[in-house]
There are 2 protein chains.
Amino acid sequence: MSSTIKVLLAEDQSMVREALAALLGLEEDIEVVAQVARGDEVVAAAHAHDIDVALLDIEMPGCTGIEAAARLHRELPAVKLVVLTTFGRPGYLRSAMEAGADAFLVKDAPAAQLAEAVRKVLAGDRVIDPTLAAAALAEGANPLTDREREVLRAAADGSTNAELARALHLSQGTVRNYLSTAIQKLAVRNRTEAVRIAREKGWL
Amino acid sequence: MSSTIKVLLAEDQSMVREALAALLGLEEDIEVVAQVARGDEVVAAAHAHDIDVALLDIEMPGCTGIEAAARLHRELPAVKLVVLTTFGRPGYLRSAMEAGADAFLVKDAPAAQLAEAVRKVLAGDRVIDPTLAAAALAEGANPLTDREREVLRAAADGSTNAELARALHLSQGTVRNYLSTAIQKLAVRNRTEAVRIAREKGWL
DNA sequence: CCGCCCGTATGACATCTGTCATCCGGCAGT
DNA sequence: ACTGCCGGATGACAGATGTCATACGGGCGG
């Protein structure tokens, strides 16, 4: 016991990543032994370094921190997972938990909570902002079906129905139907609002 | 001369802000003497602390780092300005320079460049990513008129023409005209794409 | 086995959006 | 004084979008 806690840090923005590493480096009992900038490099790096805790940003190229968490949880269940994100979206919290995360932190929480969380998850605790947890429970589950989500995601960039139909191998009418039901489920008036709301809730 | 360089750090996400402070704290010659989380607190903090360099994130509540830079430049022209941002949007670079910034850094640049930039601006140099500078020059100036930008910004959340007309005290037809010309200037096919492109270029 | 939801599709309809021509008053350059 | 651009507006039109009813096959829970 109690040599240092070995941490893998995954975050795409170098400056932020190295700054977080500097922050954790100030702690006597924590050592950042690996850094990656892409979600799809997490698992390999974890295998290569024998780590105790993985600190994962959600928004990353390659794959999201949540997907990375899920894979890591399957392949190396002993590794504790701390998910870190810019956006406190309740849906994110929900999916992070389903992926096996032990802690969920938003980046506008005080920096001290980071090292705190690392130590706590290693001790077997879970770390979740209670406000966010309440919000996640209050808003209920994602009402969108898989297809509705796919279409909405594809529609986010302003693609037209015809383009969506082509891209998703659907008829144009079907695309409209999915968007229509999504719009109704989200209680908004057009696809743009639907995309916005779904994003805010972390349902996209 | 040459005691330490006194830095003000403005960034809304506590964890990132304190991590950057930790990073700069590792440098012998740099000292973070003040931290703020809002753009509209920058000027007051600068007055209170007699700083050499202000390090400003763009995306902040209160006001943007660019607006804060402009005010600081007017009130305390001796303070050097480093603008830091997540998004390498050419339009941001342009407006940052117009606001009097001495350096423009994107957060996915290596962390070492941060301290580097602080030292260089103090020495009277300017620090700009050459790739970004080229992009900013290549894309030309913002082609949108004030009103077009306003309408586009207001349309970003999915508001309908009628809502936009009400909000901006315009006729519905005028709203459509502005959106139409914006769409044509940006060479896209609908308002959603127009918003996306304008955002990407930093023209919004 | 029956109902229910999902994925997919069609057709009809109403409304919203985008385009275009045209107009006005004001202001800046030449 | 003339020209051109901007802000603002109207009307007409085509095409995109949103709604609704309806249909069919597959799967899953009761």
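Here the structure is a predicted model, which means the values were calculated and not measured. (Residues numbered from 1 in each chain as written. Chains lettered and ligands numbered in written order. Predicted model: local features only at pLDDT ≥ 70, side-chain atom pairs only at ≥ 80, totals over all residues. Heavy atoms only, no water.)

A.B. asks: Would you mind showing me how to read the packing of aromatic side chains here?
C.D. replies: Two numbers describe a pair of aromatic rings. These are the distance of the centres and the angle of the planes. Scanning the entire structure with this criterion turns up zero aromatic pairs over all chains. Lying across the ring of Phe87(A), Arg89(A) places its NZ or CZ 4.3 Å from the centre. (Phe/Tyr/Trp six-rings, centres within 6.5 Å; stacked < 30°, edge-to-face > 60°. Lys NZ or Arg CZ within 6 Å of the ring centre and 35° of its normal.)

A.B. asks: Explanation requested: the pattern of salt bridges in the structure shown.
C.D. replies: Pairing between side chains of opposite charge can happen when the charged atoms of each approach one another. Residues and elements named next belong to chain B. Using the criterion set out here, one finds 26 salt bridges over all chains in the structure. Measuring nitrogen to oxygen at the nearest pair gives 2.6 Å for the salt bridge that ties Arg119 to Glu27. With Arg119 in helix H5 (residues 112-122) and Glu27 in the loop between helix H1 (14-25) and strand E2 (30-36), this pair connects stretches of sequence that are 92 residues apart. By relative accessible area, which is 26% here, Arg119 ends up partly exposed. Looking at Glu27, the relative accessible area reads 27%, which means it is partly exposed. In this structure, the salt-bridge partner of Arg196 is Glu200, at a minimum N-O distance of 3.4 Å. (Salt bridge = Lys/Arg side-chain N within 4 Å of Asp/Glu carboxyl O. Helix = DSSP H or I, 4+ residues; strand = E, 2+ residues; numbered from the N terminus. Buried < 20%, exposed > 50% of the residue type's maximum accessible area, 1.4 Å probe, protein only.)

A.B. asks: Looking at this structure, I do not really get unusual backbone geometry. What am I missing?
C.D. replies: Excluding glycine, a negative phi dihedral is what most residues carry, and trans is how most peptide bonds are arranged. Phi is positive for His169(A), which is not a glycine, with a value near 55°. Assignment of secondary structure puts His169(A) in the loop between helix H8 (161-168) and helix H9 (172-185). For His169(A), a relative accessible area of 71% translates into the label exposed. For Asp50(B), which is not glycine, the phi dihedral falls at a positive 50°.

A.B. asks: Help me understand the packing of helix H2 (residues 42-49) of chain A against helix H3 (residues 65-75) of chain A in this model?
C.D. replies: Packed helix pairs are specified by the crossing angle of their axes together with the interaxial distance, meaning the distance between the axes. All names here are of chain A. Packing of H2 against H3 leaves a shortest axis separation of 9 Å and a crossing angle of 35°. For H2 against H3, the interelement crossing comes out right-handed. Contacts between H2 and H3 involve Val42, Val43, Ala46 and His47 from the former and Ala68, Arg71, Leu72 and Glu75 from the latter. A per-class count over the contact of H2 with H3 returns five nonpolar, one polar and two charged. (Axes fitted to C-alpha atoms, helices over the stretch in contact; angles between N-to-C directions. Left-handed = near helix turned anticlockwise from the far one by under 90°. Contact = heavy atoms within 4.5 Å. Nonpolar A, V, L, I, M, F, W, Y, C, P; charged D, E, K, R; others polar.)

A.B. asks: Which parts of the structure should I look at to understand the relation of the copies chain B and chain A?
C.D. replies: Here the second copy of the chain follows from the first by a rotation about an axis and a shift along it. With an RMSD of 0.4 Å, the fit of chain B onto chain A corresponds to turning through 180° and sliding 0.0 Å along the axis. The operation mapping one copy onto its partner corresponds to a two-fold rotation axis. For chain B, the minimum C-alpha distance to the rotation axis belongs to Ala19(B) and amounts to 2.4 Å. Of all interface residues in chain B, 100% are interface residues in chain A too; the two copies therefore contact each other through one and the same surface. (Least-squares fit on C-alpha atoms with pLDDT ≥ 70 in both.)

A.B. asks: Could you clarify how one ought to interpret the pairing of strand E3 (residues 53-57) of chain B in this entry?
C.D. replies: The side chains of a regular strand alternate between both faces of the sheet. Residue and element names in this part refer to chain B. Most of E3 sits inside the fold, with five of its five residues counted as buried. Here E3 shows two buried faces, one formed by Val53, Leu55 and Asp57 and the other by Ala54 and Leu56. With four bridges connecting them, strand E1 (residues 5-10) and E3 associate as parallel partners. Among the inter-strand pairings, Ala10 is bridged to a residue of E3, identified as Leu56. Two strands pair when backbone bridges link them, and E3 and strand E4 (residues 80-85) are joined in this way by five bridges, in the parallel orientation. Directly across from Leu55, in E4, lies its bridge partner Val82. Each parallel crossover has a hand, and the one from E3 via helix H3 (residues 65-75) to E4 is right-handed. (Pairing = 2+ DSSP bridges. Right-handed = clockwise from strand over helix to strand, strands pointing away.)

A.B. asks: Could you clarify how one ought to interpret the protein's contact with DNA strand C in this entry?
C.D. replies: Neighbouring DNA strand C are 18 residues; Thr145(A), Arg147(A), Tyr178(A), Arg176(B) and Arg191(B) lie closest to it. Contact between DNA strand C and Thr174(A): a phosphate oxygen at 3.2 Å from a side-chain N or O atom of the residue. Residue Thr160(B) places a side-chain N or O atom 3.1 Å away from a phosphate oxygen belonging to DNA strand C. Element by element, the count of residues in the surface near DNA strand C is highest for H9(A), at five residues. Here the surface near DNA strand C is built from residues that sort into two nonpolar, 11 polar and five charged. (Near = heavy atom within 4 Å. Polar contact = N/O pair within 3.5 Å; in protein donor to acceptor, adjacent residues only side chain to side chain.)

None of this, on its own, says anything about what the molecule does.
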